[in-house]
Amino acid sequence: MTALPARRLLLVHAHPDDESINNGATMAKYAAEGAYVTLVTCTLGEEGEVIPPALAHLAANRDDALGPHRIGELAAAMGALGVEDHRFLGGPGRYRDSGMMGAPQNDRPDCFWQADLDEAAGHLVAVVREIRPQILVTYDTHGGYGHPDHIQAHRVAMRAVELAADADFRPELGEPHDIAKVYWNCVPRSAVEEGFARLRAAGRDSLFPGVATVDDVPGVVPDSDVTAFIDGTAHTGAKAAAMRAHATQIAVDGPFFALSNDLAQPMFVHEHYRLVKGDAGAGREDDLFAGVAA
């Protein structure tokens, strides 16, 4: 394998489009700076709700036509972000979208929610030992908002971090590798308050139906939990283009976007993270690689 760049970043996401919404600006920034960025997506997103009427024939439960289509959307999104290495956990279609929590699809034996943890983590260990990233980014324990595939992606990623460094775990997958820093995606309260303000100024509805306060928005954390802040302003266009590439799932309108619920949300180009493994150093970081030797 050709020698990789000195800085290597691995992101683990549940479905195509999660990466662009959560980390698009970060991925574009590091790719533009010459870092090696790898995305591992755990499912094809077969249960996603299709927005454009012209693509309604791809809707879930119709021979899973949506999954293969979303492979193409993801490739286009990665092209917009400048990311060349994007993979599916265990190969495309190895794990199926589990649907929302409590849905009948949660019980399908082939869905990601039902996956054996160490088996699924083993697929990710193979990637870790090949790429040898210093940084891994994934969700928190709740998967951000409680989706079973997000929760499982968190579990698989964290288990892979542990197993990749264990010399006794499947040595045929390569030399052990200890990832220096692990971050969880997060959205600080102040960012959501600013997002609400932008929505109100634009005459848009609130982020979610029935939301009374910022505290009711899923995934919001106190500002004090944030340990890293990435200013992706210079990569706003790339993030917007990547989100537009996921046309079945996302409708982008200037600085806002909407999912299938048709509720406007602000597009965040300032992306925030919580360090859960490794040394943060002094103050809030503005570089995920801070303090990491190449």
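Source: prediction; values computed, not measured. (Residues numbered from 1 in each chain as written. Predicted model: local features only at pLDDT ≥ 70, side-chain atom pairs only at ≥ 80, totals over all residues. Heavy atoms only, no water.)

**Quick word on the overall build of the protein chain**
In terms of regular secondary structure, the protein chain is built from 6 helices and 11 strands. In summary, the protein chain has a C-alpha radius of gyration of 18 Å against a globular reference of 19 Å for 294 residues, a match within 12%. Along the first, second and third principal axes, the C-alpha atoms of the protein chain reach 55 × 50 × 30 Å. A buried classification covers 50% of the 294 residues belonging to the protein chain. Here the contacts in the protein chain between residues at least 6 apart in sequence split such that 78% fall between residues at least 24 apart. Entry remark: accessible area of the protein chain is about 12400 Å², with carbon and sulfur atoms responsible for 52%. Charge-centre separation for the protein chain: the mean point of 24 positive side chains lies 2 Å from the mean point of 42 negative side chains. (Helix = DSSP H or I, 4+ residues; strand = E, 2+ residues; numbered from the N terminus. Rg over C-alpha atoms; globule rule 2.2 N^0.38 Å. Buried < 20%, exposed > 50% of the residue type's maximum accessible area, 1.4 Å probe, protein only. Contact = heavy atoms within 4.5 Å. Areas by Shrake-Rupley, 256 points an atom, 1.4 Å probe, with all protein chains shown as cover. Lys, Arg positive; Asp, Glu negative; His and termini not counted. Charge placed at Lys NZ, Arg CZ, Asp CG, Glu CD.)

**Some thoughts on unusual backbone geometry**
Unusually for a residue other than glycine, Arg132 sits at a positive phi of about 55°. With respect to the helices and strands, Arg132 occurs in the loop between helix H3 (117–131) and strand S4 (135–138). Backbone geometry places Arg170, a non-glycine residue, at a positive phi of 40°. In this fold, Arg170 is placed in the loop between helix H4 (148–164) and strand S5 (181–188).

**Some thoughts on the UniProt feature "binding site: Zn(2+)" (unreviewed entry) in the protein chain**
The feature "binding site: Zn(2+)" (unreviewed entry), as given by UniProt, occupies His15, Asp18 and His150 in the numbering adopted here. A maximum C-alpha distance of 9.4 Å places the annotated residues, which cover 136 residues in sequence, within one compact spot. The topology assignment puts His15 in the loop between strand S1 (8–13) and helix H1 (18–32). Ignoring any residue separated from it by four or fewer positions in sequence, one finds His15 in contact with Thr41, Thr43, Gly45, Arg70, Asp97, His147, Asp149 and His150. Inspection of the secondary structure assignment puts Asp18 in helix H1. Ignoring any residue separated from it by four or fewer positions in sequence, one finds Asp18 in contact with His13, Asn23, Tyr139 and His150. (UniProt positions renumbered as here; feature names shortened; annotations may be inferred.)

**Observations concerning H3**
In this model H3 runs 21 Å from its N-terminal to its C-terminal C-alpha over 15 residues, within 8% of the 21 Å that 1.5 Å per residue would give. Within H3, the axis deviates most sharply at His123, by approximately 25°. For H3, every residue scored as buried is listed here: Ala120, Ala121, Gly122, Leu124, Val125, Val127, Val128, Arg129 and Ile131. Among the structural elements, S1, strand S2 (36–41), strand S3 (85–88) and H4 are those in contact with the buried residues of H3. (Expected span 1.5 Å × (residues − 1). Bend = angle between axes of the 7 residues up to and from the residue.)

**Quick look at the side chain of Glu47**
With respect to the helices and strands, the residue Glu47 is situated in the loop between S2 and helix H2 (66–81). Residue classification places Glu47 among the buried positions, given a relative accessible area of 15%. Engagement of the side chain of Glu47 in a polar contact is seen with the side chain of Gln105, the distance being 3.1 Å. (Polar contact = N/O pair within 3.5 Å; in protein donor to acceptor, adjacent residues only side chain to side chain.)

**Quick notes on the environment of Ala76**
For Ala76, the position within the fold is in helix H2. Separated by 168 residues in the primary sequence, Ala76 and Arg244 have C-alpha atoms spaced 9.3 Å apart.

**Looking at the state of the cysteines**
Considering all chains together, one arrives at 0 disulfides under this definition. The cysteine Cys111 is free of any disulfide, with Cys42 supplying the nearest cysteine sulfur at 12 Å. Residue class for Cys111 comes out buried when judged on its relative accessible area of 1%. (Disulfide = S-S within 2.5 Å.)

**Here's the deal with the pairing of S2**
Successive residues of a regular strand alternate their side chains across the two faces of the sheet. Judged by how many residues are buried, S2 sits mostly within the fold: 5 of 6 residues are covered. Pairing geometry for S1 and S2, over 6 bridges, is parallel. Paired with Leu10 across the strands is Thr38, a residue of S2. Running through H1, the crossover from S1 to the neighbouring parallel element S2 is right-handed. Examined bridge by bridge, S2 and S3 share 4 bridges and lie parallel to one another. (Pairing = 2+ DSSP bridges. Right-handed = clockwise from strand over helix to strand, strands pointing away.)

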